[in-house]
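Residues per chain, in single letters:
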Amino acid sequence: MIGDGTSGVERSVERTLGHLRALDGSDEQEDQDAQSQAPLTLEDLYRNQQMRMVRLAILLVDDPATAEDVVQEAFTGLYRNWSQLRDSKAAVGYLRTAVVNGSRSVLRRRKTAREYQPPHQPDARSAESLAMLSSEHQAIVAALGHLPRRQREVLVLRYYGNMSEGEIAEATGVSKGTVKSTASRALEALQKQLGNA
(Lines give C-alpha, C1' and ligand atoms only; values in the text may rest on other atoms or scores of the structure.)
Protein backbone atom coordinates (compact mmCIF):
# COMPACT_ATOMS: atom_id res chain seq x y z
CA MET A 1 0.00 0.00 0.00
CA ILE A 2 1.14 3.50 -0.76
CA GLY A 3 0.46 5.07 2.64
CA ASP A 4 -2.06 5.30 5.44
CA GLY A 5 -3.94 8.19 3.82
CA THR A 6 -4.42 6.39 0.52
CA SER A 7 -4.98 2.86 1.85
CA GLY A 8 -8.76 3.42 2.14
CA VAL A 9 -8.92 4.73 -1.43
CA GLU A 10 -6.71 1.92 -2.64
CA ARG A 11 -8.97 -0.66 -0.97
CA SER A 12 -12.06 0.97 -2.49
CA VAL A 13 -10.53 0.93 -5.95
CA GLU A 14 -9.41 -2.67 -5.50
CA ARG A 15 -12.89 -3.70 -4.31
CA THR A 16 -14.67 -1.87 -7.12
CA LEU A 17 -12.46 -3.15 -9.92
CA GLY A 18 -12.42 -6.63 -8.39
CA HIS A 19 -16.21 -6.55 -8.36
CA LEU A 20 -16.28 -5.50 -12.02
CA ARG A 21 -13.81 -8.28 -12.87
CA ALA A 22 -16.05 -10.81 -11.06
CA LEU A 23 -19.11 -9.53 -12.93
CA ASP A 24 -17.24 -10.03 -16.18
CA GLY A 25 -16.23 -13.53 -15.12
CA SER A 26 -12.66 -12.82 -16.29
CA ASP A 27 -10.95 -15.17 -13.85
CA GLU A 28 -13.44 -17.95 -14.55
CA GLN A 29 -13.16 -17.57 -18.33
CA GLU A 30 -9.36 -17.47 -18.27
CA ASP A 31 -9.31 -20.70 -16.23
CA GLN A 32 -11.66 -22.35 -18.75
CA ASP A 33 -9.54 -21.11 -21.67
CA ALA A 34 -6.38 -22.46 -20.06
CA GLN A 35 -8.00 -25.87 -19.49
CA SER A 36 -9.38 -26.22 -23.00
CA GLN A 37 -7.00 -28.09 -25.28
CA ALA A 38 -8.50 -26.85 -28.55
CA PRO A 39 -6.77 -23.79 -29.99
CA LEU A 40 -8.76 -20.58 -29.78
CA THR A 41 -10.12 -19.06 -32.94
CA LEU A 42 -10.46 -15.35 -33.51
CA GLU A 43 -14.23 -15.81 -33.42
CA ASP A 44 -14.00 -17.49 -29.99
CA LEU A 45 -11.80 -14.71 -28.74
CA TYR A 46 -14.20 -12.05 -29.99
CA ARG A 47 -17.19 -13.80 -28.43
CA ASN A 48 -15.43 -14.30 -25.07
CA GLN A 49 -13.35 -11.13 -24.76
CA GLN A 50 -15.02 -8.33 -26.69
CA MET A 51 -17.26 -7.02 -23.88
CA ARG A 52 -14.49 -7.42 -21.30
CA MET A 53 -12.13 -5.38 -23.48
CA VAL A 54 -14.83 -2.73 -24.02
CA ARG A 55 -15.31 -2.42 -20.26
CA LEU A 56 -11.55 -2.14 -19.80
CA ALA A 57 -11.42 0.60 -22.43
CA ILE A 58 -14.39 2.40 -20.86
CA LEU A 59 -12.53 2.49 -17.56
CA LEU A 60 -9.54 3.99 -19.35
CA VAL A 61 -11.17 6.50 -21.75
CA ASP A 62 -14.49 7.13 -19.97
CA ASP A 63 -16.57 7.10 -23.14
CA PRO A 64 -18.41 3.99 -24.39
CA ALA A 65 -18.35 4.88 -28.10
CA THR A 66 -14.63 5.65 -28.03
CA ALA A 67 -14.00 2.49 -26.00
CA GLU A 68 -15.78 0.41 -28.64
CA ASP A 69 -13.63 2.01 -31.34
CA VAL A 70 -10.45 1.24 -29.38
CA VAL A 71 -11.47 -2.40 -28.96
CA GLN A 72 -12.47 -2.70 -32.61
CA GLU A 73 -9.02 -1.42 -33.60
CA ALA A 74 -7.40 -3.92 -31.22
CA PHE A 75 -9.32 -6.81 -32.78
CA THR A 76 -8.50 -5.53 -36.26
CA GLY A 77 -4.81 -5.48 -35.33
CA LEU A 78 -5.08 -8.99 -33.91
CA TYR A 79 -6.76 -10.18 -37.11
CA ARG A 80 -3.94 -8.71 -39.22
CA ASN A 81 -1.31 -10.38 -37.04
CA TRP A 82 -3.13 -13.64 -36.24
CA SER A 83 -0.85 -15.78 -38.42
CA GLN A 84 2.24 -14.36 -36.69
CA LEU A 85 0.94 -15.05 -33.19
CA ARG A 86 3.18 -17.65 -31.52
CA ASP A 87 0.40 -19.00 -29.32
CA SER A 88 -3.33 -18.43 -29.53
CA LYS A 89 -3.40 -18.16 -25.73
CA ALA A 90 -1.15 -15.08 -26.02
CA ALA A 91 -3.93 -13.38 -27.99
CA VAL A 92 -5.72 -12.20 -24.82
CA GLY A 93 -2.52 -10.51 -23.65
CA TYR A 94 -2.08 -8.98 -27.10
CA LEU A 95 -5.63 -7.64 -26.97
CA ARG A 96 -5.19 -6.17 -23.49
CA THR A 97 -1.96 -4.47 -24.55
CA ALA A 98 -3.57 -3.16 -27.74
CA VAL A 99 -6.56 -1.79 -25.80
CA VAL A 100 -4.33 -0.07 -23.24
CA ASN A 101 -2.10 1.41 -25.97
CA GLY A 102 -5.13 2.47 -28.04
CA SER A 103 -6.66 4.11 -24.97
CA ARG A 104 -3.43 5.96 -24.29
CA SER A 105 -3.45 7.26 -27.86
CA VAL A 106 -7.02 8.48 -27.46
CA LEU A 107 -6.15 10.25 -24.22
CA ARG A 108 -3.09 11.89 -25.84
CA ARG A 109 -5.21 13.11 -28.75
CA ARG A 110 -7.80 14.48 -26.34
CA LYS A 111 -5.13 16.32 -24.38
CA THR A 112 -3.66 17.76 -27.57
CA ALA A 113 -7.11 18.86 -28.76
CA ARG A 114 -7.86 20.54 -25.41
CA GLU A 115 -4.53 22.39 -25.45
CA TYR A 116 -4.82 23.51 -29.09
CA GLN A 117 -5.42 27.21 -29.48
CA PRO A 118 -6.63 27.99 -32.98
CA PRO A 119 -5.02 30.99 -34.60
CA HIS A 120 -6.92 34.20 -33.96
CA GLN A 121 -9.56 34.74 -36.56
CA PRO A 122 -10.64 38.35 -36.96
CA ASP A 123 -14.24 38.83 -35.94
CA ALA A 124 -16.56 39.23 -38.86
CA ARG A 125 -18.37 42.53 -38.85
CA SER A 126 -22.11 42.34 -38.60
CA ALA A 127 -24.14 43.01 -41.71
CA GLU A 128 -25.94 45.84 -39.90
CA SER A 129 -22.73 47.68 -39.02
CA LEU A 130 -21.44 47.41 -42.60
CA ALA A 131 -24.78 48.54 -44.05
CA MET A 132 -24.65 51.67 -41.93
CA LEU A 133 -21.29 52.68 -43.42
CA SER A 134 -21.01 54.71 -46.57
CA SER A 135 -19.48 53.03 -49.60
CA GLU A 136 -16.18 54.84 -48.93
CA HIS A 137 -16.07 53.53 -45.36
CA GLN A 138 -16.97 50.03 -46.54
CA ALA A 139 -14.06 50.15 -48.99
CA ILE A 140 -11.67 51.16 -46.19
CA VAL A 141 -12.92 48.39 -43.89
CA ALA A 142 -12.50 45.88 -46.73
CA ALA A 143 -8.99 47.17 -47.50
CA LEU A 144 -8.04 46.92 -43.81
CA GLY A 145 -8.96 43.25 -43.98
CA HIS A 146 -6.33 42.71 -46.68
CA LEU A 147 -3.47 44.23 -44.70
CA PRO A 148 -0.96 42.03 -42.86
CA ARG A 149 -1.97 41.36 -39.25
CA ARG A 150 0.48 43.77 -37.59
CA GLN A 151 -0.33 46.65 -39.96
CA ARG A 152 -4.04 46.15 -39.42
CA GLU A 153 -3.54 46.04 -35.61
CA VAL A 154 -1.52 49.26 -35.58
CA LEU A 155 -4.06 51.19 -37.66
CA VAL A 156 -7.07 49.87 -35.75
CA LEU A 157 -5.47 50.64 -32.39
CA ARG A 158 -4.46 54.12 -33.54
CA TYR A 159 -7.62 55.23 -35.29
CA TYR A 160 -10.34 53.09 -33.72
CA GLY A 161 -8.77 52.60 -30.29
CA ASN A 162 -7.50 56.19 -30.24
CA MET A 163 -4.23 55.01 -28.69
CA SER A 164 -0.90 56.81 -28.77
CA GLU A 165 2.19 55.28 -30.39
CA GLY A 166 3.53 54.42 -26.92
CA GLU A 167 0.29 52.66 -25.95
CA ILE A 168 0.24 50.75 -29.24
CA ALA A 169 3.88 49.73 -28.75
CA GLU A 170 3.06 48.40 -25.29
CA ALA A 171 -0.09 46.60 -26.47
CA THR A 172 1.61 44.93 -29.44
CA GLY A 173 5.00 44.29 -27.86
CA VAL A 174 7.02 46.28 -30.41
CA SER A 175 9.02 49.51 -30.18
CA LYS A 176 7.57 52.97 -30.87
CA GLY A 177 9.76 53.18 -33.98
CA THR A 178 8.26 49.94 -35.27
CA VAL A 179 4.76 51.30 -34.61
CA LYS A 180 5.57 54.44 -36.64
CA SER A 181 7.09 52.56 -39.58
CA THR A 182 4.33 49.93 -39.53
CA ALA A 183 1.64 52.63 -39.56
CA SER A 184 3.39 54.39 -42.41
CA ARG A 185 3.64 51.18 -44.48
CA ALA A 186 0.02 50.32 -43.67
CA LEU A 187 -1.23 53.71 -44.81
CA GLU A 188 0.80 53.42 -48.04
CA ALA A 189 -0.65 49.95 -48.68
CA LEU A 190 -4.18 51.25 -48.06
CA GLN A 191 -3.56 54.17 -50.42
CA LYS A 192 -2.48 51.76 -53.17
CA GLN A 193 -5.47 49.48 -52.57
CA LEU A 194 -7.97 52.31 -52.51
CA GLY A 195 -6.32 54.06 -55.47
CA ASN A 196 -6.69 50.87 -57.54
CA ALA A 197 -10.32 50.42 -56.54
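Below is a summary of the structure that appears in this document. These figures come from a predicted structure and were not determined experimentally.

Turning our attention to the overall build of the protein. Along the backbone of the protein there are ten helices and zero strands. When the helices and strands of the protein are listed from N to C terminus, the series reads α-α-α-α-α-α-α-α-α-α. Sorting the 197 residues of the protein into buried and exposed places 24% on the buried side. Here the analysis covers contacts within the protein between residues at least 6 apart in sequence; of these, 58% occur between residues at least 24 apart. Taken as a whole, the protein presents about 14100 Å² of accessible surface, with 52% of it coming from carbon and sulfur.

Attention now goes to helix α8 (residues 149-160). Here α8 spans 15 Å end to end across twelve residues, near enough to the 16 Å set by a 1.5 Å rise per residue. Looking at the buried positions of α8, the neighbouring elements they touch are α7 (135-145), α9 (165-172) and α10 (176-196). Remark: Asn162 follows α8 within two positions and exhibits a positive phi of approximately 55°.

To characterise two packed helices, one gives the angle between the axes of the helices and the distance between these axes. It is at 10 Å that the axes of α7 and α10 come closest, and there the two elements cross at 125°. On the basis of their axis angle, the class for α7 and α10 is oblique. Where α7 crosses over α10, the handedness of that crossing is right-handed. Contacts from Ala139, Ile140, Ala143 and Leu144 in α7 reach Leu190, Gln193 and Leu194 in α10. For the contact of α7 with α10, the class distribution of residues is six nonpolar, one polar and no charged.

A few words on the packing of α9 against α10. Packing of α9 against α10 brings their axes to within 8 Å, and their N-to-C directions diverge by 100°. What the angle tells us is that α9 and α10 run roughly perpendicular. Between α9, through Glu165, Gly166, Ile168 and Ala169, and α10, the contact on the second element is made entirely by Lys176, Val179 and Lys180. Looking at the contact of α9 with α10 residue by residue, the classes come out as three nonpolar, one polar and three charged.

In this section: the pattern of salt bridges. The full count for this structure, using the stated rule, is four salt bridges. Notably, a salt bridge pairs Asp44 with Arg47, separated by 3.3 Å at the nearest N-O pair. One end of the pair is Asp44 and the other is Arg47, both in helix α3 (residues 42-61) and three residues apart, which spans about a single turn. Each of Glu43, Asp44 and Arg47 takes part in salt bridges that share partners, so that together they form one network.

Time to look at the packing of aromatic side chains. Any two aromatic rings considered together are summarised by their centre-to-centre distance and by the angle between their planes. For the structure on display, the rule yields one aromatic pair. Plain terms: the ring middles of Tyr46 and Phe75 are 4.9 Å apart, the flat faces sit at 70° to each other, and that makes the pair edge-to-face. Residue Tyr46 is located in helix α3, and its partner Phe75 is located in helix α4 (residues 64-81); the two are separated by 29 residues in the primary sequence. When its relative accessible area of 36% is taken as the criterion, Tyr46 is described as partly exposed. The lysine or arginine in question, Arg158, covers the ring of Tyr159, its NZ or CZ lying 5.7 Å from the ring centre.

Rules and cut-offs
Residues numbered from 1 in each chain as written. Predicted model: local features only at pLDDT ≥ 70, side-chain atom pairs only at ≥ 80, totals over all residues. Heavy atoms only, no water. Helix = DSSP H or I, 4+ residues; strand = E, 2+ residues; numbered from the N terminus. Buried < 20%, exposed > 50% of the residue type's maximum accessible area, 1.4 Å probe, protein only. Contact = heavy atoms within 4.5 Å. Areas by Shrake-Rupley, 256 points an atom, 1.4 Å probe, with all protein chains shown as cover. Expected span 1.5 Å × (residues − 1). Axes fitted to C-alpha atoms, helices over the stretch in contact; angles between N-to-C directions. Parallel < 35°, antiparallel > 145°, perpendicular 65-115°, else oblique. Left-handed = near helix turned anticlockwise from the far one by under 90°. Nonpolar A, V, L, I, M, F, W, Y, C, P; charged D, E, K, R; others polar. Salt bridge = Lys/Arg side-chain N within 4 Å of Asp/Glu carboxyl O. Phe/Tyr/Trp six-rings, centres within 6.5 Å; stacked < 30°, edge-to-face > 60°. Lys NZ or Arg CZ within 6 Å of the ring centre and 35° of its normal.

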